[in-house]
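Residue-level listing of the chains:
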Amino acid sequence: MYVGRSPSIRQAMAGHSLITTVKYVAGTRPAFHLSEIIPYLDDPVSVDEIYRIISPELPRLGLTAKKTGDDVEISRVLPGPAYILNDREQKRIDTFLAGREIPVTLAEAIERYITKKAAKDWNDPTVIERLRKAITAQKDDYWKPSHKRSLRYTKGYRVLGYLAYHFPVYFMQTEHLLAGLARDGLLKKSMTILDVGTGPGVVPLAIADLWSRLDGARAAVYSIERSEEHIEAFLSLRDAFVPRGGPVSIKPPVKADMLEPLPSTLPEKFDLIIFSNVLNELPESPVETQAGIVERITERLAPEGTVLIIEPADEDNSTRMRTLTAELHQRGIFIHAPCSFIRGTPCTAPRCWSFTTAPVIRPTRLMEALARCEESYRYVNIDIKYSYAMLRKDGVRRDGYRVSPGSKFLRLSKLHSAVEKRVNVAVVKMSGELGDVKNHLFKVCDGTAKTPVYAVLPAFHMTPGNEALRSAPYGTVLEMRGVLVRYNKAHDAYNLLVSRNTEIQIPGADDQ
Ligand SMILES: C[S@@+](CC[C@H](N)C(=O)[O-])C[C@H]1O[C@@H](n2cnc3c(N)ncnc32)[C@H](O)[C@@H]1O
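What counts and what doesn't
- Residues numbered from 1 in each chain as written.
- Predicted model: local features only at pLDDT ≥ 70, side-chain atom pairs only at ≥ 80, totals over all residues.
- Heavy atoms only, no water.
- Helix = DSSP H or I, 4+ residues; strand = E, 2+ residues; numbered from the N terminus.
- Rg over C-alpha atoms; globule rule 2.2 N^0.38 Å.
- Buried < 20%, exposed > 50% of the residue type's maximum accessible area, 1.4 Å probe, protein only.
- Contact = heavy atoms within 4.5 Å.
- Domains from an automatic or database assignment.
- Salt bridge = Lys/Arg side-chain N within 4 Å of Asp/Glu carboxyl O.
- Pairing = 2+ DSSP bridges.
- Near = heavy atom within 4 Å.
- Polar contact = N/O pair within 3.5 Å; in protein donor to acceptor, adjacent residues only side chain to side chain.
- Areas by Shrake-Rupley, 256 points an atom, 1.4 Å probe, with all protein chains shown as cover.
- Disulfide = S-S within 2.5 Å.
- Axes fitted to C-alpha atoms, helices over the stretch in contact; angles between N-to-C directions.
- Parallel < 35°, antiparallel > 145°, perpendicular 65-115°, else oblique.
- Left-handed = near helix turned anticlockwise from the far one by under 90°.
- Nonpolar A, V, L, I, M, F, W, Y, C, P; charged D, E, K, R; others polar.
- Phe/Tyr/Trp six-rings, centres within 6.5 Å; stacked < 30°, edge-to-face > 60°.
- Lys NZ or Arg CZ within 6 Å of the ring centre and 35° of its normal.

Turning our eyes to something else, we now look at the overall build of the protein chain. Each helix and strand counted, the protein chain has 15 helices and 18 strands in total. Expected size for 512 residues packed as a compact globule is a radius of gyration near 24 Å; at 26 Å, the protein chain falls within 12% of this value. A buried classification covers 51% of the 512 residues belonging to the protein chain. Looking at the protein chain alone, contacts between residues at least 24 apart form 74% of all its contacts between residues at least 6 apart.

Spelled out as structure tokens, the structure:
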């Protein structure tokens, strides 16, 4: 296979460096030989010399090389098949998540880092008191309107406070999300990953930890971060926790601002791009501007890649994130999960507050030390509650279910016409438990309603026929037959009352 010699190719190559030439030619055909580019170089260079220069750059360019006689064939790395967990891997992951605590080596690495930075033992009373102050200041700042927040991690104790208070929960939260990606078949045997606004490396370290439970998966993890204090903490924790030469290579974070173009040293394409708790730190701006920032970074997503956005579960951040992902969906970065678009309509919900939960974590030794004071609850952060969205460019949804045109399910946008009547609906479960032991309450959605809709299941009405509402995971499609429609004026919402006569099914569950 030979490179064409048309004037346009010659022009395009003229003056370009060797690497740019290789990149250009690779963009015109899936494979070529290095000998083919020699005629286009200003000075004659041997195949061996070209290979020596370009080989370190090949992974970044998404290319691979194969020796063929005296030549070298360069080809694009094709997307690999999904990495499917085997039973042993699944069991290891489940056992780790059931333990509900961050690995001891990591907790100890955090303690050692605090000791080093504070120049005193991590559990020295003065250090503990300063950490408490830093945590309180950070929390006060968080609840200010975004234009008044100073979320700049420039001072040492800000980052130490983050390590003590936020890190453990965000680490375990990431492990739950990564396990979800694995279960959904969104991991590959070999992946290139970008973490945007990595902070002290919560996401990369969780990736290294989860991958350590996989038998044959590898990953190269890149990240950007603007705070030098965070980068210093990240490198220290990485060196203490991630084995060199292991399945995950964590590259040093690049100091960069996500508002600027991505640094040229980063790979061309990523299989997974993660924004974890970072988009809420962008300066206050219209959703279109924020979508533009994510869209620009997502230009570097591989065709079969996934974007994972995670934000805190509070109403403000959570609803802003849903508006953002609905905007991205319009721009061709389609929501894969948790929304399922079961009616095939675009999301029209003006304010969607949807989040999920995972079991509380066990407090670290450091958190327990912080909590030995009068207002201990201020320093213990163990609840996992978050809003997330997985997005892809190929339009594949996690749940391919669509309500069939002739079905007898009422659209949620038509509930106003059925108040006090019993109806059948097909919905997606869009929250964890919002109720209590007496009345289970879950947000549900079919993508059509502008008014929020909740399913209510009084505990004394629970039967084997309707308990799927309670037990099904977040994001599951449910067919509900015989729910009573009520309008809740105080909250401008509709409630679907489930009784012991209501049948709730997960479509396809009986076929498995
Ligand atoms: C709340 S922390 C989240 C850290 C980590 N991703 C996690 O989930 O724990 C937000 C991080 O984003 C970084 N950040 C905020 N705005 C940024 C920007 N414009 N460019 C790069 N990093 C940014 C902050 O410095 C901080 O480390």
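As far as domains go, the protein chain holds domain 1 (7–76), domain 2 (87–338 + 347–392) and domain 3 (412–511). Taking only C-alpha atoms, the centre of domain 1 and the centre of domain 2 are 38 Å apart.

On to the pattern of salt bridges. For the structure on display, the rule yields 24 salt bridges. One salt bridge connects R213 with D209, and the closest N-O pair in it is separated by 3.0 Å. A relative accessible area of 6% places D209 in the buried class. One salt bridge connects R331 with E295, and the closest N-O pair in it is separated by 2.9 Å.

Moving on: the pairing of strand 17 (residues 493–497). Counting buried positions over the five residues of strand 17 gives four, a clear majority of the element. Here four bridges tie strand 15 (residues 453–458) to strand 17, and the two strands are oriented parallel to one another. Residue pairing for strand 17: Y454 is matched across the bridge by N495. Pairing analysis gives five bridges linking strand 16 (residues 477–488) to strand 17, with the strands arranged antiparallel. Paired with V485 across the two strands is L496, which belongs to strand 17.

Turning our eyes to something else, we now look at the pairing of strand 14 (residues 439–445). Summarising the sheet, strand 13 (residues 422–429) and strand 14 pair through two bridges and their orientation is antiparallel. For K429, the partnering residue across the bridge sits in strand 14 and is V444. Sheet topology places strand 14 next to strand 15; six bridges connect them, and they run antiparallel. Across the sheet, residue L441 finds its bridge partner in strand 15, namely V456.

Right, let's talk about the site of the ligand for a bit. Every one of the 18 residues lining the ligand counts as a neighbour, but Y162, G197, E225, D257 and S276 are closest to it. Y162 is positioned such that a nitrogen or oxygen atom in its side chain is 2.6 Å from an oxygen atom of the ligand. At a separation of 3.1 Å, an oxygen atom of the ligand approaches a polar side-chain atom of N277. Isolated, the ligand exposes 590 Å² of accessible area, and the fraction of that covered by the protein chains is 98%.

This part is about the state of the cysteines. In this structure the tally under the stated criterion is zero disulfides. Free of any disulfide, C445 has its nearest cysteine sulfur in C347, 6.2 Å distant. Since its relative accessible area comes to 27%, C445 is described here as partly exposed.

Across the sheet, which stays open at both edges, the three strands sit in the order 1-3-2 with antiparallel pairing between neighbours. Whereas interior strands pair on both sides, the edge strands pair on one side only; in this sheet they are strand 1 (31–33) and strand 2 (63–68). Strand after strand, the sheet turns through a mean of 25° between neighbouring axes, direction not considered. Where strand 1 and strand 3 (residues 71–76) come together, three bridges link them in antiparallel fashion. Bridge pairing links H33 to E73 in strand 3.

With that settled, consider the packing of helix 9 (residues 167–183) against helix 10 (residues 202–211). For any two helices packed against each other, the geometry comes down to the angle between their axes and how far apart the axes lie. Running from amino to carboxyl end, helix 9 crosses helix 10 at an angle of 50°, the nearest separation of the two axes being 9 Å. Between helix 9 and helix 10, the crossing angle belongs to the class labelled oblique. Between helix 9 and helix 10 lies a crossing of right-handed hand. Between helix 9, through F167, Y170, F171, T174, E175, L178 and A179, and helix 10, the contact on the second element is made entirely by V202, V203, L205, A206, I207, D209, L210 and W211. Grouping the amino acids of the contact of helix 9 with helix 10 by side-chain chemistry returns twelve nonpolar, one polar and two charged.

Considering all chains together, one arrives at seven aromatic pairs under this definition. In this structure, R132 packs its charged tip against the face of Y379, placed 5.8 Å from the ring centre. One cation-aromatic arrangement involves K429 over F442; the distance from NZ or CZ to the ring centre is 4.3 Å.

In this structure, K255 sits in strand 7 (residues 254–255). A residue is classified by how much of its surface remains accessible, and K255, at 48% relative accessible area, is partly exposed. Sequence-wise, K255 and K116 are 139 residues apart; in three dimensions their C-alpha atoms are separated by 22 Å. Those residues within four positions of K255 in sequence are excluded, and the remaining contacts are E225, R226, E228 and I231. A distance of 3.3 Å separates a polar atom in the side chain of K255 from the backbone oxygen of R226.

Take the packing of helix 8 (residues 156–165) against helix 11 (residues 228–241) next. Interaxial distance between helix 8 and helix 11 falls to 9 Å at its minimum, and their mutual angle equals 45°. The angle between helix 8 and helix 11 falls in the class oblique. Seen from above, helix 8 lies across helix 11 with right-handed handedness. Listed contacts from helix 11 to G156, V159, Y162 and L163 of helix 8 are E229, H230, A233 and L237. In terms of residue class, the contact of helix 8 with helix 11 is made up of five nonpolar, two polar and one charged.

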